[in-house]
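Structural overview for review
Now for the letters of each chain:
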Amino acid sequence: MLTSQDDIRPALRIREVTLGDPFIAATQNKISPLGDRTNSITDRIYQKYAIENWSESKLRTYIDMLHAFGFNSVQLYDQWQSYVCAGWGNDPRDWPEKVDALADYAHTKSMGTTLFIWGNAAFDHHNKTRHMHLCWNDPHERKILEQHWDHQSRHATHFDRIVTHWADPGGCNRNGCTIETAQHLHNQILKRFRAKNHAIESSFSLWMLHSREYGKWEGYEGPQSVLESGILPHDVMIAVHSSPDDGCSSRYGGFEINEVTEIAAAGRKVGVWAWYLADNEIAPSFIVRTKALHDYFSNVPADMYELIERHSLDSTSHGLNMHNLYVAGKLMRDPYADAQAVLREFIAGALGRENVENVQEVFFTIEALRKGFMGVPEGTVDAARRAHDLARGVLIPKGFSPAFPMIISPEELAGELTAQTEAITEFLVFREASADLERMTGQGASEARVNAAIANLPRVKTPSMWLTNLEYCAYLAGLDELKKALRRQQ
Ligand SMILES: [Zn+2]
């Protein structure tokens, strides 16, 4: 199936997937507007969707799948998020070894390997604690940073490249630190890696540096703050911040074409480090990004593809986003291809030709209903119910074997489509009923009748084995809001 595609000259030379995490704990950290609902996450859910809990053999299948989808590089990390998102709290267990094994396996498939590093948000391996915004100019914090970098550099011989990130949980504006400090620290980290692997390359990531909320370094005014300082050696690639501007994520914006041209004009290699593009780490769920990926890649002017040396994107809800990865893998080679046709190709390969029509409608409906940055469903119960019925009707043809390696089986994928559309339907049914109830109260129903109606509202099932936390959290939040609104009316 993929052989004919291999003949085209790829638009992006290095096409990389960052294997991140379903950041279920984001709710606990109050990042999510849905509030703290992590108690609904069972061990079974962590084991299914967080790759840290997967066997090495299943992880190798992941690499095989990415390779088959047209990616030629993988980005991995060994950071505190991996431990937390696996459901292990602050315990790294065997993840550091698995990261190396996975990178080694990627090399056997002729794929490149990149290690993601938080420059100054560190995990202290001596006492298993996490630290954000550490300061190099504080003697105590410097020690934590040095052991963090030492731990990271133990991965050096398994990786071709490191990418250092400086904002988000990183950044420091204490003790005279500026964006120049971050560049000096990049050089220090690189030196530690080169001592073990002299050929290793590096990128300095601009992710979130421009953000008033998540960028902390004084003096950062754009790529020129890095290009003109003369601190980073000339072979350090600069990776621009990227997130799709599809009208639902203006909070982060898309990548700035001007930044790419500016970096290239300075004679530097340009990378694009994208997040919230093929997945959504902080609203882990089954999301469909066919249209969003099409809009993103087809809107990049062709000459821009000449300037970009590598482009990475995110995979975080593992097993729930194979379709997005398939579509992205194709569009990174052929950005103006028909994304819906590519999606059909995925469905045929994953579930059999017989299922293409119906499952394409299921995907289309999920993309239409899970709206906005957080993906909380909006739309009619009828549309959701129809998608659910179509999903339930999926039958894998007898003796069917998928056209490519898959990290979950065709039967499991069909099960996910059923469970996910069920959660969406339950949520929209709840939404509709709670809107009716609000109207009824507005018309002066008695307190007893309102209380009885609240008790009888349709529910969204507590997730026990499917990653449907999004609808469940939104349901709990909606219920709280409804009670508050009704109390105000009485
Ligand atoms: Zn500092």
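Please read all numbers here as calculations on a predicted model, not as lab measurements.

Concerning the overall build of the protein
A count of helical and extended segments in the protein gives 18 helices and 10 strands. By the compact-globule yardstick of 23 Å for 490 residues, the protein fits well, its C-alpha radius of gyration being 23 Å. Dimensions of the protein along its principal axes, counting C-alpha atoms only, are 70 × 55 × 40 Å. Taken across its 490 residues, the protein has 59% of its residues classed as buried. When contacts within the protein are restricted to residue pairs at least 6 apart in sequence, long-range pairs at least 24 apart make up 78% of them. Total accessible area computed for the protein in this model is approximately 19,600 Å², and 48% of it derives from carbon and sulfur atoms. On the protein, the mean spot of the 50 positive side-chain charges and the mean spot of the 63 negative ones are 4 Å from each other.

Describing the domain arrangement of the protein
As far as domains go, the protein holds domain 1 (14–337) and domain 2 (348–489). Carbon and sulfur atoms make up 72% of the area that domain 1 and domain 2 hide from each other, which totals about 3,200 Å². Applying the counting rule to domain 1 against domain 2 returns 1 salt bridge. For Lys48, the salt bridge is made with Glu416, and the minimal N-O distance between the two is 3.8 Å. Here domain 1 is connected to domain 2 by 10 residue pairs in polar contact (both at pLDDT 80 or more). No other element matches the 6 residues that helix α3 (residues 56–68) contributes to the side of domain 1 that touches domain 2. Residue composition of the side of domain 1 that touches domain 2, by class: 25 nonpolar, 12 polar and 8 charged.

Quick notes on the pattern of salt bridges
Counted by the stated rule, this structure contains 19 salt bridges. Across the pair Asp94 and Lys98 runs a salt bridge, and its minimum N-O distance is 3.8 Å. With a closest N to O distance of 3.3 Å, Asp235 and Arg194 form a salt bridge. A residue pair is termed long-range when its members are at least 10 positions apart, and Asp235 in the loop between α8 (224–227) and β8 (237–242) and Arg194 in helix α7 (residues 179–194) qualify at 41 residues. Its relative accessible area of 29% is what places Arg194 among the partly exposed residues. Members of the salt-bridge network, linked through shared partners, are Glu16, Arg161 and Arg310.

Some words on helix α5 (residues 95–108)
Turn by turn, an α-helix covers 3.6 residues, leaving residues three or four places apart pointing in a common direction. If you check α5, its first and last C-alpha atoms are 20 Å apart, about what 14 residues at 1.5 Å a residue would give, namely 20 Å. For α5, the elements touching its buried residues are β1 (14–19), α3, β2 (73–77), α4 (80–85), β3 (112–118) and α6 (139–153). At the C-terminal side of α5, Ser110 shows a positive phi close to 60°.

A look at the coordination of the zinc ion
Cys135 (SG), Cys172 (SG) and Cys177 (SG) make up the full set of protein donors to the zinc ion, lying at 2.2 Å. Read in sequence order, the donor residues coordinating the zinc ion give the pattern C-x36-C-x4-C. Given a relative accessible area of 2%, Cys172 falls into the buried group. Its relative accessible area of 2% is what places Cys177 among the buried residues.

Observations regarding the confidence of the model for the protein
In the predicted model, the protein carries a mean pLDDT of 92, and the fraction of residues at 70 or more is 93%. Low pLDDT (under 50) marks residues 27–31, which in the prediction has 12 contacts with non-local residues, meaning those over four places away or in another chain. In this model residues 246–253 is a low-confidence stretch, pLDDT under 50, and it forms 20 contacts with partners more than four residues away in sequence or in other chains.

Quick notes on the pairing of β2
Burial analysis of β2 places 5 of its 5 residues in the buried class, which makes it a mostly covered element. Taking every second residue as pointing to the same face, both faces of β2 are buried, with Ser73, Gln75 and Tyr77 on one and Val74 and Leu76 on the other. Relative to β2, β1 runs parallel, the two being bridged by 3 bridges. Each bridged residue has a counterpart across the sheet, and for Val17 the counterpart in β2 is Val74.

Comments concerning the nonpolar core
Nonpolar side chains in soluble globular proteins tend to end up buried together. If you look at the biggest cluster of nonpolar residues, it comprises 158 residues, and the most contacted ones within it are Phe71, Phe204, Phe297, Leu313 and Phe346. It is helix α16 (residues 410–442) that provides the largest number of residues to this core, a total of 9 residues. Looking at which domains feed residues into this core, each of domain 1 (14–337) and domain 2 (348–489) supplies at least three. Setting aside residues no more than four positions away along its own chain, Leu313 makes contact with Glu16, Val17, Thr18, Phe71, Ala274, Leu277, Ala278, Phe297, Leu325, Ala328 and Met332.

So, how was this worked out
Starting from 1, residues in each chain are numbered consecutively following that chain's sequence as written. The model is predicted, so local features are restricted to residues of pLDDT at least 70 and side-chain atom pairs to those at 80 or more, both for listing and for counting; the totals for chains, interfaces and linings are taken over all residues. Hydrogen atoms and water are omitted, and side-chain values are computed over all heavy atoms in the structure. Helix and strand assignments follow DSSP, with helices taken as H or I runs no shorter than four residues and strands as E runs no shorter than two, numbered in order from the N terminus. C-alpha atoms define the radius of gyration, and 2.2 Å times the number of residues to the power 0.38 defines the globule rule. Categorising residues by exposure relies on relative accessible area from a 1.4 Å probe, with only protein chains included: less than 20% of the type maximum marks a residue as buried, more than 50% marks it as exposed, and the intermediate range marks it as partly exposed. Contact criterion: two residues are considered in contact whenever any of their non-hydrogen atoms come within 4.5 Å of each other. For every accessible area listed, the method is Shrake-Rupley and the probe measures 1.4 Å; residues are considered covered only by the protein chains on display. Counted as positive: Lys and Arg. Counted as negative: Asp and Glu. His and the chain ends are not counted at all. One atom stands in for each charge, and that atom is NZ of Lys, CZ of Arg, CG of Asp or CD of Glu. Domains are outlined according to an automatic or database domain assignment. What counts as buried area is the accessible surface, traced by a 1.4 Å probe, that two parts surrender upon association, with contributions from both included. By salt bridge we mean one thing: a side-chain nitrogen of Lys or Arg within 4 Å of a carboxyl oxygen of Asp or Glu. Here a polar contact is taken to be a pair of N or O atoms separated by no more than 3.5 Å, where protein atoms must pair a possible hydrogen donor with a possible acceptor and residues adjacent in sequence count only if both atoms sit in side chains. When residues are sorted by character, Ala, Val, Leu, Ile, Met, Phe, Trp, Tyr, Cys and Pro go into the nonpolar class, Asp, Glu, Lys and Arg into the charged class, and all the rest, Gly among them, into the polar class. A helix is expected to reach a length of 1.5 Å times the quantity of its residues less one. With water excluded from the atoms, a metal site may look incomplete; its donors are any N, O or S atoms within 2.8 Å, or within 3.2 Å for Na, K and Ca. Scored from 0 to 100, pLDDT records how confident the predictor is in each individual residue. At least two DSSP bridges between two strands are required for those strands to pair. Nonpolar core, defined: a set of buried Ala, Val, Leu, Ile, Met, Phe, Trp, Tyr and Cys residues in which side-chain atoms within 4.5 Å join the residues together.

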